[in-house]
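Structural features, examined
Now for the letters of each chain:
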Amino acid sequence: MNPITEKRTERRAERRIEMRVETAAMDALMVRLFDTIDEANMAWVIAADQKLRSTFGSALIDLVPSYTTLLLHYDCQQLTHSEAIQLIHKALSGLTPVDTQAGELHDIPVWYNESVGPELPMVAKRAGLSIDDLIAQHCNHDYCVFALGFAPGYGFMGLVDESLATPRLKTPRRKVAAGSVGIADRQTAIYPLLSPGGWNILGRTNVPLFEHAKRGDPLFRPGDKVRFRAISREEFEADGGDTTPMEERP
Amino acid sequence: MNEAHKGLVVKQAGPLTLIQDAGRFGVGHLGVTQGGAADWISFRWANWLLGNALNSAALEIVMGGGLSFETEREVRLALTGADLDAQLDGKPLAPNTSFKLLPGQRLVFRQPRQGLRAYLAFPGGLNAPEVLGSRACTAREQLGGLHEDGKPINVGDRLTWKGTAPAVRRIPESQGPRMPASGCRLPIVLGSQIASFSGHALFQAFNQPWTVDNRADRMGVRLTGPALHGSLKGIISEGIPLGAVQVPPDGQPIVLMNDRQTIGGYPRLGALTPIACATLAQCLPGTQVWLTPVSASQAQDDYRHQLTVWR
């Protein structure tokens, strides 16, 4: 066994899950696994997601995993509230984390430019970095996909280096272009389609997240890793990227 | 034109008319919202009146506002939910009935007299492309609808349907959908974050009426009243169930409805029951509502009882 694998096994063994099952609605239960955001959570959240899906089968209506929780919506014509709670405990007893290396690594080409990423100068200034160094810093980490939400295919990723952490805009934009890459606090994400939003936008990608989501096959899944790669305007355009500048300034 | 291609043509668009079915389920983990008829009880009655499968695609008509249709062929339609002062060639139509339209006749929805959303069902259900297992139209997500772009029904759209010989049914007097009156009760199942609110906030939440704000849509309905405060300003984003009553820092609750975002980070009092969500979907701004706590098992009993009326 190589030293890296050994270390991971140790860390797994150290971690204990104190699961709580809470009422969220008439026919929905919140399975709470953790109280803080951590990339190491994902191996457990994904494992719980798989177990709950197979255990509930046709009695499962929706299961929405997030950073620390899974919201389980069950069919109350098949199960009572207490039966559903018991089934969750049964499904998750003796839970072991999945191998996080199983997630996909996505390479996302981004054209970082002030015209499509209006907050580049502001975020760089806050971080005390040149714009080039900021871009290098944003590209320098394989971000973990924590959850999908907000819009079809929208992945909440992190954690961004603390020096780049920037609060959301005071006034959200009414229109953020599809493909916009932004950061909010220590999270980063891509807007799959034109939508309102308050994240700090640094650049734009042409990767079609929404088309994937529409087919029920999102590009990103929780536990995946995402690596941003800076490309030139020429490369972005050659790939069919839309260079229309962001219209609104906050 | 081939008879089967004829349909109901939109002559004037109202403020918001959407193709809806029961909603999009099993896709919440993709970030895709539930959608579906906001007043699911009236929606089911509309399909029931024609003998359709209860989740068949129908129209959800908000306000009316001059929305009008002209039919190109004879058809029986069913209308339930809000009384939007609907008229067939100038003659008033009673809500919660089915009626026949003859070629050239015009159907108009004027303005709400009672309730907010009417449902118009078609024989066998409306023809519309299915996206991710549903025909529900969600504007924000650009999913569903007649043209698969999430857009509401517009002038010139031609609506066609699947069936030919609908049933002719009547809703029993005692069972039909009733539009809520001011002072109505909205049962709520309390959630775990209830503990983060102050005792004073909890007293206020359940012991005085809330006013339905005009900031209300298919995503959420804001309630105004005394500011509710607690110890949590925000939480780590987690899944949002239908009817979740979230309280942002301004202390004014927002009830999250069918088109809500799938995850969110404000603390919650709990979630309205599905029956309460159907009630709230019919409340015009200014309506007073009471949040009344109910246990999950009681709420399920009430829900299962509601389902028995369509058996």
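Residues numbered from 1 in each chain as written. Chains lettered and ligands numbered in written order. Predicted model: local features only at pLDDT ≥ 70, side-chain atom pairs only at ≥ 80, totals over all residues. Heavy atoms only, no water.

Under the annotation held in an unreviewed UniProt entry, chain B carries the name Allophanate hydrolase subunit 2 and is attributed to Vreelandella titanicae BH1.

The name given to chain A in an unreviewed UniProt entry is Allophanate hydrolase subunit 1, with Vreelandella titanicae BH1 as the source organism.

1. Observations regarding the packing of helix α4 (residues 120–127) of chain A against helix α5 (residues 131–138) of chain A
Residue and element names in this part refer to chain A. Viewed as axis vectors pointing N to C, α4 and α5 meet at an angle of 85°, and their least axial separation amounts to 9 Å. When the interaxial angle is binned, α4 and α5 end up roughly perpendicular. Listed contacts from α5 to Leu 120, Pro 121, Val 123 and Ala 124 of α4 are Ile 131, Leu 134 and Ile 135. Residues belonging to the contact of α4 with α5 are distributed by class as follows: 7 nonpolar, no polar and no charged. (Axes fitted to C-alpha atoms, helices over the stretch in contact; angles between N-to-C directions. Helix = DSSP H or I, 4+ residues; strand = E, 2+ residues; numbered from the N terminus. Parallel < 35°, antiparallel > 145°, perpendicular 65-115°, else oblique. Contact = heavy atoms within 4.5 Å. Nonpolar A, V, L, I, M, F, W, Y, C, P; charged D, E, K, R; others polar.)

2. A short note on the pairing of strand β14 (residues 220–224) of chain B
All names here are of chain B. Among the 5 residues that make up β14, 4 are buried, leaving the element largely enclosed by the rest of the structure. In terms of strand pairing, strand β13 (residues 210–216) meets β14 through 3 bridges, oriented antiparallel. Looking at the pairing, Val 212 lines up with Leu 223 of β14. Taken together, β13 and the strand that follows it, β14, pair antiparallel across an intervening segment of 3 residues. Across 3 bridges, the pairing between β14 and strand β17 (residues 254–256) is antiparallel. Paired with Arg 222 across the two strands is Ile 254, which belongs to β17. (Buried < 20%, exposed > 50% of the residue type's maximum accessible area, 1.4 Å probe, protein only. Pairing = 2+ DSSP bridges.)

3. Some remarks on the UniProt feature "domain: Carboxyltransferase" (unreviewed entry) in chain A
In this structure's numbering, the residues bearing the UniProt feature "domain: Carboxyltransferase" (unreviewed entry) are residues 19–222 of chain A. Secondary structure across residues 19–222 of chain A comprises 24% helix and 31% strand; the distance between its end C-alpha atoms is 19 Å. (UniProt positions renumbered as here; feature names shortened; annotations may be inferred.)

4. A few points about helix α2 (residues 42–56) of chain A
Three- or four-residue spacings in an α-helix give side chains the same orientation, since the helix completes a turn every 3.6 residues. All names here are of chain A. Here α2 contains 15 residues, and its C-alpha end-to-end distance of 21 Å stays within 8% of the 21 Å for a straight helix at 1.5 Å per residue. Those residues of α2 that fall on the buried side of the exposure criterion are Met 42, Ala 43, Trp 44, Val 45, Ile 46, Ala 47, Ala 48, Asp 49, Leu 52 and Phe 56. Downstream of α2 by a residue or two, Gly 57 has a phi angle that is positive, lying close to 50°. (Expected span 1.5 Å × (residues − 1).)

5. Thoughts on the layout of surface pockets
Roughly 1,600 Å³ of volume is contained in the largest pocket. Considering the residues around the largest pocket, the lining is formed by 47 residues, among which Phe 150 and Arg 168 of chain A together with Met 219, Gln 261 and Tyr 266 of chain B are closest to the centre. Where the lining of the largest pocket is concerned, the elements lending two or more residues are β8 (173–176) and β11 (195–197) of chain A together with β13, β14, β17 and β18 (263–264) of chain B. Taken together, the residues of the lining of the largest pocket sort by class into 25 nonpolar, 11 polar and 11 charged. In this model, the second largest pocket occupies a volume close to 710 Å³. Lining the second largest pocket are 38 residues; nearest its centre among them are Ile 61 and His 73 of chain A together with Phe 25, Gln 34 and Leu 242 of chain B. Broken down by secondary-structure element, the contributors of at least two residues to the lining of the second largest pocket are β3 (60–65) and β4 (69–74) of chain A together with α1 (40–49) and α3 (274–280) of chain B. It is β3 of chain A that provides the largest number of residues to the lining of the second largest pocket, a total of 4 residues. Considering only residue class, the lining of the second largest pocket consists of 23 nonpolar, 9 polar and 6 charged. (1 Å grid on protein atoms, 1.4 Å probe; cavity = no way out; pocket = protein on both sides within 12 Å on 5 of 7 lines; lining within 4 Å. Points joined across faces, edges and corners; volume = space filled by probe spheres on them.)

6. Describing the interface of chain B and chain A
As a measure of interface size, the accessible area lost when the parts come together is often cited. Between chain B and chain A, the contact holds 40 residues from the first and 46 residues from the second. Sorting the residues of chain B by area buried against chain A places His 29, Leu 30 and Ile 236 of chain B first, and these three jointly supply 19% of that buried surface. On inspection of chain B and its partner chain A, the count reaches 1 salt bridge. The partner of Glu 238 of chain B in a salt bridge is Arg 32 of chain A, with the nearest N and O atoms 3.0 Å apart. Our enumeration of links across chain B and chain A arrives at 13 residue pairs in polar contact (both at pLDDT 80 or more). (Buried area = accessible area lost by both parts, 1.4 Å probe. Salt bridge = Lys/Arg side-chain N within 4 Å of Asp/Glu carboxyl O. Polar contact = N/O pair within 3.5 Å; in protein donor to acceptor, adjacent residues only side chain to side chain.)

7. Describing the UniProt feature "domain: Carboxyltransferase" (unreviewed entry) in chain B
Here, the residues flagged by UniProt with the feature "domain: Carboxyltransferase" (unreviewed entry) are residues 29–310 of chain B. Between the C-alpha atoms that bound residues 29–310 of chain B the distance is 31 Å, and the span itself is 13% helix and 29% strand.

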